[in-house]
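Here is what each chain is made of, one letter per residue.
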Amino acid sequence: VNLDSTCPNCGDVNQVEFPLQNILNFYDNAPQVAEFDYENLTIKMKPVTYRVLTSIGLATYNLQRQVYNIQSSDTSVEDKNNQLTEVLAQLSQQSARAVVHYIDSISDNNDTENNNEKIHEFVSQNDVAVSRHFVDHVEKFITELTFPAQKIQCANEECGHVYEVNYENDYAAFFARK
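**Q** Where do I start with the overall build of the chain in this structure?
**A** Scanning the chain from terminus to terminus reveals five helices and eight strands. The linear arrangement of helices and strands in the chain, starting from the amino end, is β-β-α-β-β-α-α-β-β-α-α-β-β. Rg of the C-alpha trace for the chain: 21 Å, well past the compact-globule value of 16 Å for 178 residues, more than 25% over. Dimensions along the principal axes, computed over C-alpha positions, put the chain at roughly 60 × 55 × 30 Å.

**Q** Quick question: what am I supposed to make of helix 3 (residues 77-101) here?
**A** End to end, helix 3 covers 36 Å across 25 residues, agreeing with the expected 36 Å (1.5 Å per residue, within 8%). Of all the positions in helix 3, only Lys-80, Leu-84, Val-87, Leu-91, Gln-94, Ala-96, Ala-98, Val-99 and Val-100 are classed as buried. If you follow the buried residues of helix 3, they end up packed against helix 2 (50-72), strand 5 (103-107), helix 4 (116-125) and helix 5 (128-144).

**Q** What exactly am I supposed to notice about the packing of aromatic side chains here?
**A** Within a pair of aromatic rings, the relevant descriptors are the distance that separates the centres and the angle that separates the planes. Applying the stated criterion across every chain, the model contains eight aromatic pairs. Judged by centre distance (6.0 Å) and plane angle (70°), the ring pair of Phe-18 and Phe-147 falls under edge-to-face. Here the residue Phe-18 occupies a position in the loop between strand 2 (13-17) and helix 1 (20-29), and Phe-147 occupies one in the loop between helix 5 and strand 7 (150-153), the gap between them amounting to 129 residues. For the pair Phe-18 and Phe-147, a shared accessibility class is recorded, and that class is buried. On the basis of an interplanar angle of 75° and a centroid distance of 5.8 Å, the ring pair of Phe-147 and Tyr-167 is categorised as edge-to-face. A residue pair is termed long-range when its members are at least 10 positions apart, and Phe-147 in the loop between helix 5 and strand 7 and Tyr-167 in the segment after strand 8 (162-165) qualify at 20 residues.

**Q** So what exactly am I meant to see when it comes to the sheet that holds strand 4 (residues 41-45) here?
**A** Either a parallel or an antiparallel arrangement is found when strands of a sheet pair, and the pairing is made through backbone hydrogen bonds. A sheet is described by the order of its strands in space; here four strands give the open sequence 3-4-5-6, paired in antiparallel fashion. The open sheet has two edge strands, strand 3 (34-38) and strand 6 (112-113), and neither has a second partner. Packing against the sheet, helix 4 makes contact with strand 4, strand 5 and strand 6, and its axis sits at approximately 70° to strand 5. Each of strand 3, strand 4 and strand 5 touches helix 5; the most contacted strand, strand 3, lies at about 160° to it.

**Q** Any chance you could explain the state of the cysteines here in plain terms?
**A** Cysteine pairs can be covalently joined through their sulfur atoms, and such a bond is termed a disulfide. Inspection of the entire model under this criterion finds zero disulfides. With no disulfide of its own, Cys-154 has Cys-10 as its nearest cysteine by sulfur position, at a separation of 3.6 Å. A residue is classified by how much of its surface remains accessible, and Cys-154, at 5% relative accessible area, is buried.

**Q** In this structure, what is going on with the packing of helix 2 against helix 3? I would like to understand it.
**A** Axes are the key here: two packed helices are described by the angle between their axes and the distance separating the axes. Contact geometry for helix 2 and helix 3: axes closest at 10 Å, N-to-C directions at 165°. The angle between helix 2 and helix 3 falls in the class roughly antiparallel. In this structure, helix 2 meets helix 3 at a crossing whose hand is left-handed. Residues Val-52, Ile-56, Ala-59, Thr-60, Leu-63, Gln-64, Gln-66, Val-67, Ile-70 and Gln-71 of helix 2 form the contact with helix 3, whose participating residues are Lys-80, Gln-83, Leu-84, Val-87, Leu-88, Gln-90, Leu-91, Gln-94, Ala-98 and His-101. The residue inventory of the contact of helix 2 with helix 3, partitioned by class, reads eleven nonpolar, eight polar and one charged.

**Q** Can you help me understand the side chain of Ser-107 in this one?
**A** Here Ser-107 lies in strand 5. Overall, Ser-107 belongs to the buried group, its relative accessible area being 14%. Once you skip the residues sitting within four places of it in the chain, Ser-107 turns out to touch Asn-40, Leu-41, Thr-42 and Thr-112.

**Q** Explain the environment of Asn-62 here, please?
**A** By the element assignment, Asn-62 lies in helix 2. When the C-alpha atoms of Asn-62 and Glu-117 are compared, they prove to be 21 Å apart, with 55 residues separating the residues in sequence.

Definitions and cut-offs
- Residues numbered from 1 in each chain as written.
- Predicted model: local features only at pLDDT ≥ 70, side-chain atom pairs only at ≥ 80, totals over all residues.
- Heavy atoms only, no water.
- Helix = DSSP H or I, 4+ residues; strand = E, 2+ residues; numbered from the N terminus.
- Rg over C-alpha atoms; globule rule 2.2 N^0.38 Å.
- Expected span 1.5 Å × (residues − 1).
- Buried < 20%, exposed > 50% of the residue type's maximum accessible area, 1.4 Å probe, protein only.
- Contact = heavy atoms within 4.5 Å.
- Phe/Tyr/Trp six-rings, centres within 6.5 Å; stacked < 30°, edge-to-face > 60°.
- Pairing = 2+ DSSP bridges.
- Axes fitted to C-alpha atoms, helices over the stretch in contact; angles between N-to-C directions.
- Disulfide = S-S within 2.5 Å.
- Parallel < 35°, antiparallel > 145°, perpendicular 65-115°, else oblique.
- Left-handed = near helix turned anticlockwise from the far one by under 90°.
- Nonpolar A, V, L, I, M, F, W, Y, C, P; charged D, E, K, R; others polar.

Everything listed is a geometric property; what it means functionally is a separate question.
Here is the structure:
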């Protein structure tokens, strides 16, 4: 897979090759599940599907667009603040839902819960420290699913700057619901 990349030092465009076989091998060996413990609970995570990732992105974009529209509107400062408070609360809930989509189940020694709505309630009704703990583990899992950046050297002989290029790809395209 060949991509163009602009050198951040001189602005020249460089071509970067990401060998397709390396990409396929990476995703073939990527974790299909991960888990972490929180107090007496075991939380199992899974990659999200492309459909879910797209749905999350679209919902988040729509809420961010509402924030922009409210800020650009000709309404009073008080009305803007009220509307922004409501939309930002929705955006916060959307962020929690995005995290929950990565959680396959929460279990203790006796029971297992895999209902997405109930997991969302659990995560959003706990304090910020609990939510942050979940978010940290989900972010770590997403990092494990992200193809590593490749270092390249600018082809401009006068520059020669070494920088990293990311292969921008939705890892979700490599995972399907089984």
